[in-house]
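Structural overview
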Amino acid sequence: MSDPQPRGHRTLPRSRRFTYGVGHVLNDLCASMWFSYLLVYFHKVVNFSNVLAGQLLMVGQVSDALCTPFVGYESDRTRSGCGYGRRKIWHLIGTVCVACSFPFIFNLCITCSTSPDWAQFIYYVPFVVIFQFGWASTQISHLALIPDLASSPSLRVELNAIRYAFTVLANVAVYAIAWLLLGLEDRSNHHDLSPEDADEFRNLAFIAIGIGLFFSFIFHMGTNEPLRPHRAESVTEDQPNVQEDEENEPIIKKARRRKMSWKCWLKEVQFYQVALLYMCTRLMVNMTQVYMPLYLTDTLNLDKAYIATIPLVTYLSGFLSSFAMKGVNKAVGRKMTFFLGVMCVLFACDWMWMPNIGLQVYGAAVLLGVGGSTVLVTSLSMTADLIGENLESGAFVYGAMSFTDKLSNGLAVTLVQTLHPCSDEKVMCKQAPCDSTTSVCCDACQSYYQQVMVYVPGGVGLLALLVLATLIWKPIGIKTEVTERQMESSAEHVPVEYGAIKSTPHVEPSDDSTDVTCDA
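Residues numbered from 1 in each chain as written. Predicted model: local features only at pLDDT ≥ 70, side-chain atom pairs only at ≥ 80, totals over all residues. Heavy atoms only, no water.

**Observations concerning the overall build of the chain**
In plain terms, the rule: Numbering of helices and strands runs from the N terminus; a helix is a DSSP stretch of H or I covering at least four residues, while a strand is a stretch of E covering at least two. For every residue, the accessible area obtained with a 1.4 Å probe (protein chains only) is divided by the maximum for its type, and the residue is called buried under 20%, exposed over 50%, and partly exposed between those limits. We call two residues contacting when some pair of their heavy atoms lies within 4.5 Å. Here the open area of atoms and residues is found with the Shrake-Rupley method and a 1.4 Å probe, where only the protein chains shown may cover a residue.
Of regular secondary structure, the chain possesses 16 helices and 7 strands. Out of the 520 residues in the chain, the part that is buried amounts to 54%. Across the chain, every contact between residues at least 6 apart in sequence was considered, and the portion connecting residues at least 24 apart equals 81%. Of the roughly 23200 Å² of accessible surface on the chain, a fraction of 63% belongs to carbon and sulfur atoms.

**Thoughts on unusual backbone geometry**
In this model, T111 sits at a positive phi of 65°, which is unusual for a non-glycine residue. Here T111 lies in the loop between helix 4 (86-105) and helix 5 (117-149).

**With respect to the packing of aromatic side chains**
What characterises a pair of aromatic rings is the spacing of the ring centres plus the angle enclosed by the ring planes. For the record, the criterion: Geometry of aromatic contacts follows a simple scheme: Phe, Tyr and Trp rings, the Trp one being its six-membered ring, pair when their centres are within 6.5 Å, and the pair is stacked under 30 degrees between planes, edge-to-face over 60, tilted otherwise.
Here the structure, examined in full by the defined rule, presents 17 aromatic pairs. Aromatic pair W265 and F271: ring centres 6.2 Å apart, planes at 35°, arrangement tilted. Residue W265 is classed as buried on the basis of its relative accessible area, which comes to 0%. When the ring of W353 is compared with that of Y455, the centres are 5.6 Å apart and the planes differ by 45°; the resulting orientation is tilted. Taken as a pair, W353 in helix 12 (residues 334-353) and Y455 in helix 15 (residues 443-469) lie far apart in primary sequence, 102 residues in all.

**Digging into helix 2 (residues 25-45)**
This is how the line gets drawn: Note on bend: the value at a residue is the angle between axes fitted to the seven residues ending there and to the seven starting there.
By the largest-angle criterion, Y37 marks the main kink of helix 2, which is about 60°. The buried fraction of helix 2 is high, at 15 of 21 residues. Following helix 2 by one or two positions, N47 adopts a phi angle in the positive range, close to 70°.

**Thoughts on the pattern of salt bridges**
Let me state the cut-off plainly: Whenever a carboxyl oxygen of Asp or Glu lies within 4 Å of a side-chain nitrogen of Lys or Arg, that contact is scored as a salt bridge.
Under the definition given, this model contains 6 salt bridges. Where D405 meets R282, a salt bridge forms, and the shortest distance between an N and an O atom there is 4.0 Å. Taken together, the residues D405 in helix 14 (residues 394-418) and R282 in helix 9 (residues 269-299) connect sequence positions 123 residues apart. By relative accessible area, R282 is classed as buried at 14%. The salt bridge involving K406 is made with D405; its shortest N-O contact spans 3.3 Å.

**Observations concerning the state of the cysteines**
Two cysteines whose sulfur atoms are joined by a covalent bond form what is called a disulfide. Note the threshold: Throughout, disulfides are identified as pairs of cysteine sulfur atoms within 2.5 Å of each other.
Following the criterion strictly, the structure yields 1 disulfide and no others. The disulfide partner of C109 is C112, and the S-S distance across this bridge is 1.5 Å. Assessed through its relative accessible area of 14%, C112 is described here as buried. Distance from the sulfur of C67, which forms no disulfide, to the nearest cysteine sulfur (C97) is 9.6 Å.

**Section: helix 5**
Defined as follows: A helix is expected to reach a length of 1.5 Å times the quantity of its residues less one.
The end-to-end C-alpha distance of helix 5, which contains 33 residues, comes to 47 Å, matching closely the 48 Å that a straight helix rising 1.5 Å per residue would cover. A maximum bend of about 25° is found in helix 5 at Y124, where proline P126 lies one to four positions downstream. The buried count for helix 5 comes to 24 of 33 residues, which makes it a mostly enclosed element.

**Points about the packing of helix 12 against helix 13 (residues 361-387)**
Note the threshold: Helix axes use the C-alpha atoms of the stretch in contact, all axes being lines fitted to C-alpha atoms, and the angles between their N-to-C directions lie in the range 0 to 180 degrees. Oblique is the label for any angle not under 35 degrees, not over 145, and not in the 65 to 115 range, which are roughly parallel, roughly antiparallel and roughly perpendicular in turn. Two helices that cross are described as forming a left-handed crossing if the nearer one is turned anticlockwise from the farther one by less than a right angle, and a right-handed crossing if clockwise. Think of it as three bins: nonpolar holds Ala, Val, Leu, Ile, Met, Phe, Trp, Tyr, Cys and Pro, charged holds Asp, Glu, Lys and Arg, and polar takes everything else, Gly as well.
Interaxial distance between helix 12 and helix 13 falls to 8 Å at its minimum, and their mutual angle equals 150°. Put simply, helix 12 runs roughly antiparallel to helix 13. In this structure, helix 12 crosses over helix 13, and the sense of that crossing is left-handed. Looking at the contact of helix 12 with helix 13 residue by residue, the class counts come to 14 nonpolar, 9 polar and 3 charged.

**Some thoughts on the packing of helix 1 (residues 14-21) against helix 6 (residues 153-182)**
Where helix 1 meets helix 6, the axes come as close as 8 Å, and the angle between the chain directions of the two elements is 50°. Relative to helix 6, helix 1 is oriented oblique. Between helix 1 and helix 6 the crossing geometry is right-handed. Two secondary-structure elements touch here, helix 1 through R14, R17, F18, Y20 and G21 and helix 6 through L155, E158, L159, I162, R163 and F166. Tallied by class, residues from the contact of helix 1 with helix 6 come to 6 nonpolar, 1 polar and 4 charged.

**Some remarks on the nonpolar core**
Just so we agree on the cut-off: Definition used in this section: a nonpolar core is a set of buried Ala, Val, Leu, Ile, Met, Phe, Trp, Tyr and Cys residues joined via side-chain atoms within 4.5 Å.
With 131 residues, the main nonpolar core has F42, I105, F106 and Y295 as its most contacted residues. Counting residues per element, this core draws most heavily on helix 6, at 16 residues. If we ignore the near neighbours within four places in the chain, the residues touching Y295 are L300, M352, I357, V361, Y449, Q450 and M453.

**A word on the side chain of T337**
Examined against the element boundaries, T337 turns out to sit in helix 12. Accessibility expressed as a relative area gives 1% for T337, which makes it buried. Setting aside its immediate chain neighbours within four residues, T337 contacts M325, V328, N329, V332, T374 and T378.

See below:
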């Protein structure tokens, strides 16, 4: 339930950090199946064409992209969620939608499995739309809780890191369970996926939903959403309410808080800068996840077992590195941490550009895991910093960030598939006829996914560095429409002794400050 939070001595217990961190496990399990197995399931098991399976994926991506800003806007408008919490009530709605719709996606069409493909496509579309609406509701409400629960930058990083750690564990669980289900029986004459594997995918979906609901229950029972924003870090009553920003400068909260509506955010330059960083982050992470298996089988000609082991190495390295995010962010700051993460991804791309690297791909996988974890956790922390004290519109900001993520990934996958040398089903290959005895059609097909793994995340990483360069000279979260005159008239600057240094601190809003609209 939502509880009013007193000021003063208040910390976020470790138990509540854990219960918050598991609140996205259901989404993570379903997202792992969605990105990893949707296309292969509908093409190999349901026997959809590649084009029709891709169109179903695009329906989901577009639905998610349209739902996220709507959910964010409505979540911000929600007052108290009938006393349950405006974020938690949307999380609950999303959980119910996901649990009720997702099993139907990975199940053969009920009473219509022999119907024409177009009829089955129409059958699956409503379940895909409901699932994506529920997924967006859970994601946005869970992210929007971070600024509500934590005002300290270091605590926000820690919550994001815990959240990402469970994301990694959820992905590992999906791959491990899928390997057990698909390899449970002795199938000497059944090496490839076929309609006979429908039961395994259905069982995998039910297991994922069951595990996810268990952790969602823990989240709702253990996480108390504050009715009012509070400072999660403890401060003493006889000392000024002082914190550090990312440059370790003291901050006093004696200023007016400027309310931000969605229209106000659209006027902020940093809103677009952070959105671009988040979009680049998701492109780097998701595109490598989608195309790594094809790179392993078609380019490196490795055994199919590596499709499971290489992603596991990537996710486990990301999981381990997530525990260091809080310390690294505190030591070198958000922007330098993001820079280091991008460099890890670029080094991995350079490694994969080498021909016939063989088992050296494990090294590239480690770099991708560390880099992907670093940029993802840091970009989410930057988003929380951008929101700052403007919790009244935090969900809209997260929804807008997710909007750029869904559309960009959908367009990127569509473009990659369109440019494939064998994209034309009638001609099959633009340079040579296909050989049915090999896994690829020609040399162009064999090297294509190597180029994708190098140019796409590498190019996006370079774009991210350019955007990051535009943020160097200004702290994230400073609103451009607040003039110096307004700040001086609404703030009390008091010299504060901080350690061995006396300085005039920056000013941050406090809970009892007067609200000022962005048009003031």
